[in-house]
Structures are given as C-alpha cells and as structure tokens.
Amino acid sequence: MKMEQVEEVIECMRAKTRKNPKIGLILGSGLGDLAAAIAGADRIPYQSLPHFPKPTVEGHKGQFVIGRLEDQNVIAMQGRYHYYEGYSLKQVSFPVRVMKALGIEYLIVTNAAGGINTDFRPGDLMLIRDHINMLGGSPLIGANDEKTGPRFPNMSAAYQAALIDLGKKAASSIGINIREGVYLATPGPQYETPAEIRMMRALGADAVGMSTVPEVIEANHAGLKVLGISCITNMASGILNRPLSHTEVMDTARRVKENFTGLIKEIIRTIGTC
Ligand code: HPA
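Residues numbered from 1 in each chain as written. Predicted model: local features only at pLDDT ≥ 70, side-chain atom pairs only at ≥ 80, totals over all residues. Heavy atoms only, no water.

Novice: Explain the packing of aromatic side chains residue by residue, including any values.
Specialist: Within the structure shown, the criterion is met by seven aromatic pairs. Between Tyr-46 and Tyr-81 the ring centres are 5.6 Å apart and the planes differ by 35°, which places this aromatic pair in the tilted class. Of the two residues, Tyr-46 sits in the loop between strand E2 (39–45) and strand E3 (63–69) while Tyr-81 sits in the loop between strand E4 (72–78) and helix H2 (89–102), which places them 35 residues apart along the sequence. Accessibility classification places Tyr-46 together with Tyr-81 in one group, the buried group. What links up through ring pairs into an aromatic cluster is the set Tyr-46, Phe-52, Phe-64, Tyr-81, Tyr-87 and Phe-94. (Phe/Tyr/Trp six-rings, centres within 6.5 Å; stacked < 30°, edge-to-face > 60°. Helix = DSSP H or I, 4+ residues; strand = E, 2+ residues; numbered from the N terminus. Buried < 20%, exposed > 50% of the residue type's maximum accessible area, 1.4 Å probe, protein only.)

Novice: An account of the environment of Met-126 is needed here, citing residue identities and associated values.
Specialist: Position of Met-126 among the secondary structure elements: in strand E6 (residues 125–133). Residues Met-126 and Glu-105, 21 residues apart in the sequence, show an inter-C-alpha distance of 22 Å. If we ignore the near neighbours within four places in the chain, the residues touching Met-126 are Phe-120, Arg-179, Glu-180, Gly-181, Val-182, Tyr-183, Asp-206, Ala-207, Gly-228, Ile-229, Ser-230 and Ile-232. (Contact = heavy atoms within 4.5 Å.)

Novice: Provide a residue-level description of the site of the ligand, including the pertinent values.
Specialist: For the ligand, the full set of nearby residues is Ala-112, Ala-113, Gly-114, Tyr-191, Glu-192, Val-208, Gly-209, Met-210, Thr-233, Asn-234, Leu-244 and Val-249. Measuring from a nitrogen atom of the ligand, one finds a backbone N or O atom of Gly-114 at 3.3 Å. The dominant element in the shell around the ligand, judged by the number of residues it contributes, is strand E5 (residues 106–115), at three residues. Looking at side-chain class alone, the shell around the ligand contains seven nonpolar, four polar and one charged residues. (Near = heavy atom within 4 Å. Polar contact = N/O pair within 3.5 Å; in protein donor to acceptor, adjacent residues only side chain to side chain. Nonpolar A, V, L, I, M, F, W, Y, C, P; charged D, E, K, R; others polar.)

Novice: Lay out the side chain of Ser-211 in plain terms, naming residues and giving numbers.
Specialist: Of note, Ser-211 is situated in the loop between strand E8 (207–209) and helix H5 (213–221). For Ser-211, a relative accessible area of 8% puts it in the buried group. Among the polar contacts made by the side chain of Ser-211, one reaches the side chain of Thr-212 at a distance of 3.1 Å. Apart from the residues lying within four places of it in its own chain, the contact partners of Ser-211 are Arg-80, His-82, Asn-111, Tyr-183 and Ala-185.

Novice: Outline the nonpolar core, supporting the account with residue identities and numerical values.
Specialist: Residues Met-13, Leu-25, Phe-52, Phe-64, Leu-107, Ile-108 and Ile-267 are the most contacted members of the largest nonpolar core, which totals 76 residues. What Met-13 contacts, discounting residues up to four positions off in sequence, is Ile-44, Leu-49, Phe-64, Ile-66, Ile-75, Val-98 and Leu-102. Core analysis: the next-biggest nonpolar cluster, separate from the first, contains seven residues, Ile-116, Ala-205, Val-208 and Ala-236 among them. (Core = buried A, V, L, I, M, F, W, Y, C linked by side-chain atoms within 4.5 Å.)

Novice: So, the pattern of salt bridges: which residues are in play, and what are the values?
Specialist: Close approach of charged atoms lets side chains of opposite charge pair. Across all of its chains, the model carries twelve salt bridges by this definition. With a shortest N-O distance of 3.7 Å, Glu-180 and Arg-129 are connected by a salt bridge. Here the residue Glu-180 occupies a position in strand E7 (residues 179–185), and Arg-129 occupies one in strand E6, the gap between them amounting to 51 residues. A relative accessible area of 27% places Glu-180 in the partly exposed class. (Salt bridge = Lys/Arg side-chain N within 4 Å of Asp/Glu carboxyl O.)

Novice: Which residues make up a nonpolar patch on the surface, and what values do they have?
Specialist: Where nonpolar side chains cluster on the molecular surface, the patch consists of Met-134, Met-199 and Leu-203 and spans about 250 Å² of accessible area. Locating Met-199 in the fold gives a position in helix H4 (residues 194–202). We classify Met-199 as partly exposed; its relative accessible area is 37%. (Patch = residues over 30% accessible without salt bridge, like charges linked within 9 Å, V, L, I, M, F, W, Y side chains within 5 Å. Areas by Shrake-Rupley, 256 points an atom, 1.4 Å probe, with all protein chains shown as cover.)

Novice: Could you give an account of the pairing of E3, naming the residues involved and the relevant values?
Specialist: In terms of burial, E3 is a largely internal element, six of the seven residues being buried. Alignment of E2 against E3, held across five bridges, turns out to be antiparallel. Residue pairing for E3: Arg-43 is matched across the bridge by Val-65. The turn joining E3 and E4, which pair antiparallel and follow one another in sequence, is formed by two residues; a positive phi near 50° is taken by Glu-70. (Pairing = 2+ DSSP bridges.)

Below is the structure:
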C-alpha cells in the first residue's frame, strides 16, 4: 500500500462527498442492503476511483455509501474484494486505508460464515472475539511506512473488548440472541472438506469464511477500533448430511437481514461511549 495512492483516492472522493465519516462498515455477502438505510447518502462506485480494481462476485455491488445512520456519520462498503477473486491481500485491504484517511475511528466488519461450533445454528449472529489467519499471507508484507503504522503490529486485541461488550449489550437491548467466537479465514473459493473442518475445530475456530482477516489486519496496523460480526449462514462442511451451496449462504443472509440491520443500528447508536 502506497500512501500516494491513498491520497489520490481521497482527492477524488473529496470531489464527490464533503462528509466526514467516523465509523466504517464493511458489508458482507447478502448483507449489503443495510446501505439502503443510510440517509442523505453520497454513493461512490469503486470503479470511479483510481487504484480500485473492478469487483466480480455475485451479490456485491461495489460502492462506498457515505451518510447518516442513527445520527452518526458512517461510510459503508457495499461489496468488498476477496482474495479468491485473484486480488492481492494488499488490494483486498486497500479500502480500509482509504476509510482511515477519510477520518474513521471505528471499523465494523461483517461477513457470511460457516458454523464450525456445533452449538451454532444457521441464522445466528456471532461477535468475532479473535481470528485465525489461514490465508498464508498478510497485507502488510513489504516495505513499511512508519507513518502509517508499526512494522510489527500488535494483534493481541485485534477485536476491541469494549466493542464486543457493546455488541452484546446492543443484542440484548433489541432482544436477539448473540454468539461469540473465533473466525478462521481460508482463501477459498472452494468450501472446506469435512476433514478440514475437523482440523479447524481442533485449532479453536468457531466459524469459517473467506474474508475479513486482511481488512482487520490492515485496520489494526492503522490503529482503528475494530468490531467483527459473522452471520452464520450454514453449518460447515460435514456437520449436516448435505452439500454446501452459495444459494444457502445468500438465502440465510437474506433471512436474518432484519436482525442484522437492527443489531448494527443499535451498535452504531451507542458506539460513542467506546
Ligand atoms: N465456508 C467458508 N466460507 C463461507 C461458508 C463456509 O461454510 N459459509 C459462508 N462463507
């Protein structure tokens, strides 16, 4: 990641929005509709910006939506880049740098994930307590610019404890059940084998997905406060006696949309205290 590139993007965005977002939101597969709740929005397609590759996957719109949600200034990413699409980890996490440069302090990252923990059920929402990076790389590999963050960033509290508490309180105040657990990132795009899921469970993972970790590494490097939420869209491979499908993932995400939107709104309404 080159700071000159980020600056070029910011210059271009500043011609399209005068808003100063405080909270960044990355909306995962099937969860992008939350962007419609953002009031007075400026929409900036990634394609209209320099240094942004074109997104490819079904269910991803590919734009920043900047406006008001629950009386707070937010910037949402409706659609994100995935490693499995062929982008580098640096390309995947680049938009986090852009949002940081726009002034965000908080990053709320969401995703669709398979449930490894057998207590989980499709439709559950899980606050990410910690992650396991099985992508085989890091967006921070290469020269480090000390102005943007440390060479060896601390990851011992990658997901802020105060924000996890806030997430729990938000869930209870809107009356929804919430889970908490460890998210493991795999490159994909193939779903896992049952043997891989048994391995991941033995390693301490509760959910598995193909995103989030690069952005969270970049966000920690940038000094952002991070909250992660997984929508458990399916039980992971081998737990139930049936194949996994992208259709099931999207159908479940759609089904829990109301709970998901309610939770995010309540978190955003109360986040100022963290
Ligand atoms: N595995 C990996 N990624 C996923 C899954 C899964 O079961 N469900 C949604 N994203």
